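Structural overview for review
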Amino acid sequence: MDKNVTSSAEKWIGKISAYEKEFKQWENRAAKIVKIYRDNDSMSESKSAPTSFNILWSNVQTCLPATFARLPRPDVSRRYRDNDPVGRVASMILERALEFEIEHYPDYRAAMENSVLDRFLGGRGISWVRYEPHFKAAEMGMPEDGFQITEDADDSEDTPEAEAEEEIDYECAPVDYVHWKDFGHVVARTWEEVPAVWRKVYMSRPALIDRFGEELGNKIPLDTRPEELKKASSGDDSLYEACVYEIWDKSSNKAIWLSKSMGRILDERSDPLELEGFFPCPRPLYATTTTDNLVPVPDYKLYQDQAKELNNLAEKISKLIVALQVKGVYDNSIPELARLFSEATNTQMIPVKTWAAFAEKNGLKGAIDLVDIAPIAIALSEAYKSVDQVKNQIYEIMGISDIVRGSSDPRETATAVKTKGQFGGMRLRAMQSKVHQYATEILQIKAQIMCTLFQPDTLIKISAAEQLAEADQQYIMPAVEMLKNSPLRNFRIEVSSDSMIQMDEAQEKQDRMEFLNATGTFLQKALPVAQQSPQIAPLLVDMLKFGVTAFKVGKSIEGTFDQVMDSLKEAAANPQPKPNPELEKIQATSQAKQAELQMKSQLDQQTSQQDLQVQQAQLQMQAMFEKQAQQNAMELELHKQQVQAQQIQHQNELEAQRATLESQNSARLEEMRQMREDMRLQSQQQFDLLMARLDHATKIEVAEVSKQTTLEAAQINAAKAATDNGEAI
């Protein structure tokens with residue numbers, strides 16, 4: 001080893017090496033479990049990849065929402081429920097500040113989700129809380145004694161330029177998720193025996209210079225990366241970072257920053273956060289551990305044999321499904337049978353050429369022989385039954401009941417379902433309580449950092465203290481001072497047991513209604529007692545406040561209860577003197593007589609007023625009737641006039657329509673007469689033309705007939721002449 005390695009650095013490097021040797025097998029096992037959860041083997045494109053049943057993914061996805069489904073609700077209360085208005089206001093400020101931190105920033109949710117996931121995979125989840133202030137340049141105001149007008153010649157050249165002052169802009173307490181490979185601690189049997197913890201922080205060159213200074217930051221080598229990023233890198237050396245170990249040693253109350261590559265301690269500080277438990281991380285969220293070491297046993301390790309059996313059954317089922325096909329042989333002399341399963345559809349027939357020979361061979365039974373798939377189907381059914389049996393074994397090991405998984409047998413009775421749910425709930429509640437304790441410890445560390453390191457103005461702003469009740473405004477500053485002094489001793493910081501898994505959005509309304517019902521019932525019974533015996537009123541108020549403080553929704557009105565209780569106690573301490581009973585009797589008698597006379601006069605006056613009102617009402621009703629009758633007559637006359645006007649208008653419209661129709665009919669008749677005359681003339685013309693054509697054609701035909709007759713007579717004469725000439729020769 002290098003000579004520059006100090007003895008302190010050697011000591012811590014040795015402890016880190018001892019931890020890595022102790023937990024190496026667990027880290028390899030956890031890496032394999034993560035690979036199974038991601039189902040990396042089935043994601044390969046190779047056709048030879050085996051079929052698997054990822055029961056690990058199913059169980060984790062069932063347990064995750066059952067233990068952590070939403071952000072928790074911090075519950076800060078006074079450790080002792082005394083009449084302490086300052087402590088009550090301080091608890092409200094701290095609770096509202098924690099709610100702002102976990103709702104405004106996403107780091108708490110991400111750390112919780114990743115930690116719970118690591119618990120159900122590798123078996124250990126880790127988070128780390130730190131303080132992060134953000135600064136800005138301070139605004140330069142006028143000095144109290146004013147600006148200097150003249151210059152000091154002697155000092156103007158030698159005085160260096162003043163550095164710009166900074167002030168806190170805002171501050172927060174973020175929660176960092178720590179990967180299960182990046183966390184470590186001194187090897188011990190139980191968490192209470194662990195004297196030191198550390199985490200790996202991967203830092204770039206600018207981050208190193210900003211944290212350790214320019215000289216030391218440039219010396220630290222960038223020679224490492226997280227293992228997961230090394231596998232995904234493309235060989236780019238510029239992506240490498242420096243691995244710095246942040247070590248918190250409880251025995252020396254120091255925080256140490258170590259570089260194994262340099263073999264030296266980079267920085268060392270004494271108790272930076274001033275936490276009561278010193279460690280900036282809660283107890284890790286473990287799966288299964290024993291009292292001999294802190295190496296966790298992942299849940300999957302407990303049922304990995306059954307998981308392998310499930311994978312084997314899944315592979316067999318896959319092959320049986322492939323083999324479950326209709327296969328067989330047929331007579332080659334009947335080629336039509338080859339089309340029976342490939343071409344024929346529902347109700348479609350396949351023709352056979354040699355039907356007689358086909359029928360002699362006993363038809364299809366004699367020409368086709370199919371493979372019997374009944375044994376394959378039986379084997380497949382038995383394989384599915386075996387899968388259910390193996391799954392039930394895994395659920396018994398994990399304690400996941402059917403109620404948690406959302407399934408049940410309809411044949412089971414209500415008592416059986418309830419018993420099964422309670423049995424499964426016992427182990428589920430154990431897992432939930434660990435997650436609740438883990439979330440509570442993170443909030444406790446955040447609360448200590450906020451109370452110790454945050455500025456008072458920051459606490460007041462993020463808690464919206466100015467919106468508290470007017471009676472509580474006077475206690476804000478004393479409450480902030482109380483928070484600065486040992487918050488864990490003065491207050492109890494917890495997480496509501498059902499706030500991370502309850503899905504009922506109306507829970508807040510239900511709590512308020514329960515509070516109002518309980519308070520109303522108590523007041524109905526307590527007020528008559530307080531009226532009869534005023535001295536007992538302070539006791540009744542104390543009893544009411546005792547009940548109010550049990551409700552979380554009653555915190556906002558505790559100040560009003562304190563004021564009422566103080567006023568009642570003051571009234572009880574200074575009671576008014578009791579009057580003379582005889583005097584009270586005389587006064588009561590006189591008051592009764594006066595009341596009787598007053599009631600009688602009031603009754604007479606009311607009677608006369610009622611009579612007058614009745615007469616006025618009768619007159620008003622009569623006037624209204626007469627007015628209504630006049631209105632009805634006027635409306636009737638108006639209606640008659642409107643009807644007559646409408647009749648006249650309708651008659652005029654009918655006359656106009658008749659005149660219009662008559663004119664239209666006359667025009668149409670004239671038009672038809674003209675058309676008929678035109679048609680007659682046109683027909684006469686066509687007839688004359690036709691007669692002329694016939695006459696002309698007749699003349700032509702007569703001429704042709706005459707011409708033909710003349711020609712035939714000449715031919716006859718010529719023939720006769722020829723005949724006569726022949727005879728003469």
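Residues numbered from 1 in each chain as written. Predicted model: local features only at pLDDT ≥ 70, side-chain atom pairs only at ≥ 80, totals over all residues. Heavy atoms only, no water.

1. Quick word on the overall build of the chain
Counting its secondary structure elements, the chain contains 22 helices and 14 strands. Looking at the chain alone, contacts between residues at least 24 apart form 74% of all its contacts between residues at least 6 apart. (Helix = DSSP H or I, 4+ residues; strand = E, 2+ residues; numbered from the N terminus. Contact = heavy atoms within 4.5 Å.)

2. Notes on the confidence of the model for the chain
Chain-level statistics for the chain give a pLDDT mean of 80 and a share of 78% at 70 or above. For residues 142-162, every residue scores under 50 in pLDDT, and the model assigns this stretch 1 contact once sequence neighbours within four places are set aside. Between residues 501-505, whose pLDDT stays under 50, and residues either more than four places distant or in other chains, the model counts 11 contacts. (pLDDT = per-residue confidence, 0-100.)

3. Description of the packing of helix H10 (residues 304-323) against helix H13 (residues 374-398)
Contact geometry of H10 with H13 gives a least axis separation of 10 Å together with a crossing angle of 160°. Classified by the angle their axes make, H10 and H13 are roughly antiparallel. Considering only the axes of H10 and H13, their crossing is left-handed. In this structure, H10 contributes Gln306, Ala307, Glu309, Leu310, Leu313, Ile317, Leu320, Ile321 and Ala323 to the contact, and H13 contributes Ile376, Ala379, Leu380, Ala383, Tyr384, Ser386, Val387, Val390, Lys391, Gln393, Ile394 and Ile397. Per-class residue counts for the contact of H10 with H13 are 16 nonpolar, 3 polar and 2 charged. (Axes fitted to C-alpha atoms, helices over the stretch in contact; angles between N-to-C directions. Parallel < 35°, antiparallel > 145°, perpendicular 65-115°, else oblique. Left-handed = near helix turned anticlockwise from the far one by under 90°. Nonpolar A, V, L, I, M, F, W, Y, C, P; charged D, E, K, R; others polar.)

4. Details of empty space enclosed by the protein
As enumerated under the stated definition, the model contains 2 cavities of 30 Å³ or more in all. Lining the second largest cavity are Leu56, Asn59, Val60, Cys63, Phe120, Asp299, Tyr303 and Met398. (1 Å grid on protein atoms, 1.4 Å probe; cavity = no way out; pocket = protein on both sides within 12 Å on 5 of 7 lines; lining within 4 Å. Points joined across faces, edges and corners; volume = space filled by probe spheres on them.)

5. A short note on the nonpolar core
Counting residues in hydrophobic clusters, the biggest one holds 112 residues, and the most contacted among them are Ile93, Tyr108, Met112, Val197, Phe212 and Leu258. With 12 residues, helix H15 (residues 414-453) is the single largest residue contributor to this core. (Core = buried A, V, L, I, M, F, W, Y, C linked by side-chain atoms within 4.5 Å. Buried < 20%, exposed > 50% of the residue type's maximum accessible area, 1.4 Å probe, protein only.)

6. Overview of the sheet that holds strand E8 (residues 242-249)
Here 5 strands make up an open sheet; going across it, the order is E6-E7-E8-E9-E10 and the pairing antiparallel. The open sheet terminates on both sides in strands that have one partner only, identified here as strand E6 (183-185) and strand E10 (264-270). Shown here is a sheet whose adjacent strand axes are inclined to one another by a mean of 20°, direction ignored. In this structure, strand E7 (residues 196-203) lies alongside E8, joined through 8 bridges in antiparallel fashion. (Pairing = 2+ DSSP bridges.)

7. Quick look at the packing of aromatic side chains
Under the counting rule described, the total for this entry stands at 10 aromatic pairs. On the numbers, 5.7 Å between centres and 75° between planes, the contact of Trp26 with Trp180 is edge-to-face. Residue Trp26 is located in helix H1 (residues 7-38), and its partner Trp180 is located in the loop between strand E5 (175-178) and E6; the two are separated by 154 residues in the primary sequence. Between Tyr300 and Tyr303, the ring centres sit 5.4 Å apart and the planes meet at 75°, which makes this aromatic pair edge-to-face. For Tyr300, a relative accessible area of 7% puts it in the buried group. Of the aromatic side chains, those joined through ring pairs into one cluster are Tyr19, Phe23, Trp26, Trp180 and Trp198. Positioned over the ring face of Phe120 is Arg119, at 4.5 Å from the centre of the ring. (Phe/Tyr/Trp six-rings, centres within 6.5 Å; stacked < 30°, edge-to-face > 60°. Lys NZ or Arg CZ within 6 Å of the ring centre and 35° of its normal.)

8. Some remarks on the pairing of E7
Bridge count between E6 and E7: 3 bridges; the pairing is antiparallel. Counterpart to His185 in the pairing with E7 is Val197.

9. With respect to a nonpolar patch on the surface
A contiguous nonpolar surface patch, about 310 Å² in accessible area, is contributed by Val529, Ile536, Leu539 and Met543. Within the secondary structure layout, Met543 lies in helix H20 (residues 537-548). (Patch = residues over 30% accessible without salt bridge, like charges linked within 9 Å, V, L, I, M, F, W, Y side chains within 5 Å. Areas by Shrake-Rupley, 256 points an atom, 1.4 Å probe, with all protein chains shown as cover. Salt bridge = Lys/Arg side-chain N within 4 Å of Asp/Glu carboxyl O.)

10. Observations regarding the pattern of salt bridges
Per the counting criterion, the structure on display carries 22 salt bridges. Between Asp267 and Arg211 there is a salt bridge, and its shortest N-O distance comes to 3.0 Å. Taken together, the residues Asp267 in strand E10 and Arg211 in helix H6 (residues 205-212) connect sequence positions 56 residues apart.

11. Thoughts on the side chain of Ser463
Checked against the element boundaries, Ser463 lands in the loop between helix H16 (456-462) and helix H17 (476-483). Contact partners of Ser463, with chain neighbours within four places excluded, come to Ile93, Arg96 and Ala97.

12. Quick word on helix H3 (residues 85-104)
The end-to-end C-alpha separation of H3 is 28 Å, in line with the 28 Å expected for 20 residues at 1.5 Å each. Of all 20 residues that make up H3, 14 are buried, and the element is covered over most of its length. (Expected span 1.5 Å × (residues − 1).)

13. Looking at the sheet that holds strand E11 (residues 285-286)
The strand order across the open sheet built from 3 strands is E5-E2-E11, with neighbouring strands paired in antiparallel fashion. Single-partner strands in this sheet number two, and they are E5 and E11. Examined bridge by bridge, strand E2 (residues 124-129) and E5 share 4 bridges and lie antiparallel to one another. From the neighbouring strand, Ser127 faces E5, where its bridge partner is Tyr177. Running at roughly 25° to E5, helix H4 (residues 107-121) makes contact with E2, E5 and E11 of the sheet.

14. Quick word on the environment of Leu527
Note on placement: Leu527 falls in helix H19 (residues 507-532). A relative accessible area of 49% places Leu527 in the partly exposed class. Residues Leu527 and Leu540 lie 13 residues apart in sequence; the distance between their C-alpha atoms is 8.9 Å.

15. Here's the deal with the environment of Thr190
Its place among the elements puts Thr190 in the loop between E6 and E7. Taking relative accessible area as the criterion, Thr190 reaches 22% and is therefore assigned partly exposed. Note: C-alpha distance between Thr190 and Thr290 (100 residues apart in sequence) is 8.1 Å. When sequence neighbours within four positions are dropped, the list of residues in contact with Thr190 reads Thr291 and Leu294.

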